[in-house]
Amino acid sequence: MTRQWAVVTVLAALVAGCGGGPAGNDGNNNPNNPPQYPGDPGGTPAAAVTVDIMDNQFNPNSVVVAVGGTVTFRWVGTAGHSVTPSGSPSFSPTAGVSYPPRELVVTLTSEGTYHYFCILHGTSDGYGGQGNMLGTIVVR
Ligand SMILES: [Cu+2]
């Protein structure tokens, strides 16, 4: 293989990866291949953070808050999106498919790693989803 072809092959692999979400997460309907939630972003826990709900991603998709801190979800995209907890621990309140202008404030009172997704553009533990709207809240 020439060097040129090697470059083309690598670029093609990168482009393919962008369309299908994280590598290894193509089989969203496969319970043996569950969605991969973002990891702990590190850093100092904040008392209050804001997550923008874009078309179609949570930005940032992983945050660290202190115990008793808040996450404010702010709908800024034009499409409908939900904030739906996945697994345990869970949080409340949550939001069904909603449109801007809307904000949802969640207070996290217990340490843990919380996962959530959009029911239209994320996945629920490997079943029936599509896309890549997955988010993580780390409370510590
Ligand atoms: Cu969505």
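Everything numeric here is computed off the predicted structure, so don't read it as measured data. (Residues numbered from 1 in each chain as written. Predicted model: local features only at pLDDT ≥ 70, side-chain atom pairs only at ≥ 80, totals over all residues.)

(A) Structural detail: unusual backbone geometry. Cis rather than trans, the peptide bond between N59 and P60 has omega equal to 0°. Turning to its location among the elements, P60 is positioned in the loop between strand 2 (57-59) and strand 3 (62-75). Along the chain, S92 connects to P93 via a cis peptide bond; the corresponding omega equals 0°. Positionally, P93 belongs in the loop between strand 4 (81-86) and strand 5 (95-98). (Helix = DSSP H or I, 4+ residues; strand = E, 2+ residues; numbered from the N terminus.)

(B) Region of interest: the nonpolar core. Within the largest apolar cluster, 21 residues are counted, with the highest numbers of intra-cluster contacts made by V51, V65, V71, L108, I137 and V139. Of all the secondary structure elements, the ones that give two or more residues to this core are strand 1 (46-54), strand 3, strand 7 (112-117) and strand 8 (134-139). Ranked by the residues each element gives to this core, the list is headed by strand 3, at five residues. Excluding residues within four positions of it along the chain, V139 makes contact with V65, V67, L108, S110, E111, G112 and Y114. (Core = buried A, V, L, I, M, F, W, Y, C linked by C-beta atoms within 7 Å. Buried ≥ 20, exposed ≤ 12 C-beta atoms within 10 Å, placed from the backbone. Contact = placed C-beta atoms within 7 Å.)

(C) Just the confidence of the model for the chain, in detail. Scored by pLDDT, the chain has a mean of 80; 69% of the residues are at 70 or more. Contacts from residues 124-129, a stretch scored under 50 in pLDDT, to residues over four places away or in other chains number 18 contacts. (pLDDT = per-residue confidence, 0-100.)

(D) Just the pairing of strand 7, in detail. For strand 4 and strand 7, the ladder comprises three bridges, and the chain directions are antiparallel. Across the sheet, T84 pairs through a bridge with F117, a residue of strand 7. Examined bridge by bridge, strand 7 and strand 8 share six bridges and lie antiparallel to one another. Bridge assignment links H115 to a residue of strand 8, and that residue is T136. (Pairing = 2+ DSSP bridges.)

(E) The environment of D40, seen in detail. When you line up the elements, D40 lands in the loop between helix 1 (3-19) and strand 1. Sequence separation between D40 and T113 is 73 residues; the distance between their C-alpha atoms is 8.4 Å. In this structure, D40 is in contact with S62, V64 and V138, ignoring residues within four places of it in sequence.

(F) Structural context of the environment of V97. Secondary-structure assignment places V97 in strand 5. A residue is classified by how many C-beta atoms lie within 10 Å of it, and V97, with 13 of them, is partly exposed. A C-alpha to C-alpha distance of 7.9 Å links V97 and L120, two positions 23 residues apart in sequence.

(G) Spatial organisation of the pairing of strand 8. Strand 8 sits mainly inside the fold: six of its six residues count as buried. The alternating pattern of strand 8 places L134, T136 and V138 and G135, I137 and V139 on opposite faces, both of which are buried. In this sheet, strand 8 lies alongside strand 3 in parallel orientation, the contact comprising four bridges. Within strand 8, the residue paired with V64 across the bridge is V138.

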